Amino acid sequence: QIYWYQNQFLPKDEVRISPEDRGYYFGDGAYEVIRVYHGKLFEADAHYDRLVRTAEAIHMTLPLSKQELLDGLNELVKRNQVQEGTVYLQYTRGIAPRAHSFPQGAEPVLMAYAGDLKRPLAAMENGIRTVTMDDIRWLRCDLKTLNLLANTMAKQHALSQGADDVILHRQGTVTECSASNAAIVKNGRIITHPANHLILHGITRMVMLRLAERLGIPAEERPFTLDELQAADEVFITGTTVEVTPVVSVDGLPVSGGQPGPVTRRLQEAFSEAIRS
Ligand code: PLP
């Protein structure tokens, strides 16, 4: 597998990460995961814009232009011969002796790779089981930073309960999942948490809302409660790797009779169509 590390394309074994990289010490950096369909980056502009937004918010200046970055990522896809997969990229603040204060003059460090990943067809077909859990994260969940400890703990909690993922909530208001956004359907309307500081502004969420509009399915971006989640006609999650995946149970109770619902199915079909073209 070929990695892009700083200015070089290298086999994974030859990538040398400094022990003083601030990503390693502090999780001090920004990242993106971009889908590759038919050998092409999906929604690359939106991912780039979000990366820049995160970088600006954490006071980090990206050293490459948009064109340079996207050219490099496309080169990575080509060198790894990825047709259906993902690109991962991260920028850490740089390399410096450990100190909380931002280092003077340190250059952000880029690391990226591309790999094969099939669409999760079985989960998309059959749905996933979820458990609810307190959202213990900080108040800037809109930033895609390397600090993912709470997310990894949440995912592990789900697995320990025999579920596939968590649905997080703050005092009874549903936010999102460990690595995806959550939505419910009630009386034919999609409801999903507003894109504020409490959730990641998912690119797939945005694509889903765009498709819903095109299909004439009404959608509301507003907070919804755990009670609304339990009483929903349908529940689904959206994310770069999971696309639109139905949720068939919450805390052991079935959602929409334990079967993916019709609105979710329409969105899935529209999404499949969108990535075909
Ligand atoms: N929410 C969280 C916490 C995530 O980590 C992700 C993606 O990794 C998402 C939502 C979905 O975002 P996207 O659709 O851009 O992949």
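Residues numbered from 1 in each chain as written. Predicted model: local features only at pLDDT ≥ 70, side-chain atom pairs only at ≥ 80, totals over all residues.

Asks: What am I meant to see in the overall build of the protein chain here?
Replies: Of the regular secondary structure elements, the protein chain holds eight helices and 16 strands. Computed over its C-alpha atoms, the radius of gyration of the protein chain comes to 19 Å, within 12% of the 19 Å expected for a compact globule of 277 residues. Considered along the principal axes of its C-alpha atoms, the protein chain spans approximately 55 × 40 × 30 Å. Per-residue burial over the protein chain gives 40% buried out of 277 residues. Pairs at least 24 apart in sequence give 69% of the contacts found in the protein chain among residues at least 6 apart. (Helix = DSSP H or I, 4+ residues; strand = E, 2+ residues; numbered from the N terminus. Rg over C-alpha atoms; globule rule 2.2 N^0.38 Å. Buried ≥ 20, exposed ≤ 12 C-beta atoms within 10 Å, placed from the backbone. Contact = placed C-beta atoms within 7 Å.)

Asks: Would you mind going over the domain arrangement of the protein chain with me for this structure?
Replies: In many analyses, interface size is given as the accessible surface area lost on bringing the parts together. In terms of domains, the protein chain is made up of domain 1 (2-116) and domain 2 (121-276). Each of domain 1 and domain 2 has a C-alpha centre, and the two are 26 Å apart. Across the boundary between the two partners, domain 1 contributes 21 residues, which contact 12 residues of domain 2. Of all the elements in the fold, those that place two or more residues in the side of domain 1 that touches domain 2 are β3 (29-37), α2 (44-57) and β5 (85-92). Ranked by residues supplied to the side of domain 1 that touches domain 2, first place goes to β3 with eight residues. Residue composition of the side of domain 1 that touches domain 2, grouped by class: nine nonpolar, seven polar and five charged. (Domains from an automatic or database assignment. Nonpolar A, V, L, I, M, F, W, Y, C, P; charged D, E, K, R; others polar.)

Asks: What is the right way to read the site of the ligand from this model?
Replies: In the vicinity of the ligand, 14 residues are found, and the nearest of them are L200, G202, I203, T204 and T240. Counting residues per element, the ones that place at least two in the shell around the ligand are α6 (203-215) and β14 (234-239). For the shell around the ligand, the leading source of residues is α6, giving three residues. Partitioned by chemical class, the residues of the shell around the ligand number four nonpolar, eight polar and two charged. (Near = placed C-beta within 6 Å.)

Asks: How should I be thinking about the pairing of β14 in this particular structure?
Replies: Walk down a regular strand and you will see the side chains alternate between the two sheet faces. Of all the six residues making up β14, six are buried; the element is thus mostly covered by neighbouring parts of the structure. Side chains E234, F236 and T238 project from β14 onto one buried face, and the interleaved V235, I237 and G239 project onto a second face that is buried too. With five bridges joining them, β14 and strand β15 (residues 243-250) adopt antiparallel strand pairing. For F236, the partnering residue across the bridge sits in β15 and is P246. Hairpin remark: β14 followed by β15, antiparallel, with three residues in the connecting loop. (Pairing = 2+ DSSP bridges.)

Asks: So what exactly am I meant to see when it comes to the pairing of β3 here?
Replies: Two strands pair when backbone bridges link them, and β3 and β5 are joined in this way by eight bridges, in the antiparallel orientation. Residue pairing in the sheet places Y31 in a bridge with Q90 of β5.

Asks: Quick question: what am I supposed to make of the nonpolar core here?
Replies: A general trend in soluble globular proteins is that nonpolar side chains are found buried together. Among the nonpolar cores identified, the biggest contains 38 residues, and V166, I167, I184, L229, V235 and V247 are the most heavily contacted of them. No other element matches α6, which puts six residues into this core. Ignoring sequence-local partners within four residues, the contact set of I184 consists of I191, F224, E228, L229, A232, E234 and V235. In this structure, L41, L73, V87 and A114 belong to the second largest nonpolar core, which totals 16 residues. (Core = buried A, V, L, I, M, F, W, Y, C linked by C-beta atoms within 7 Å.)

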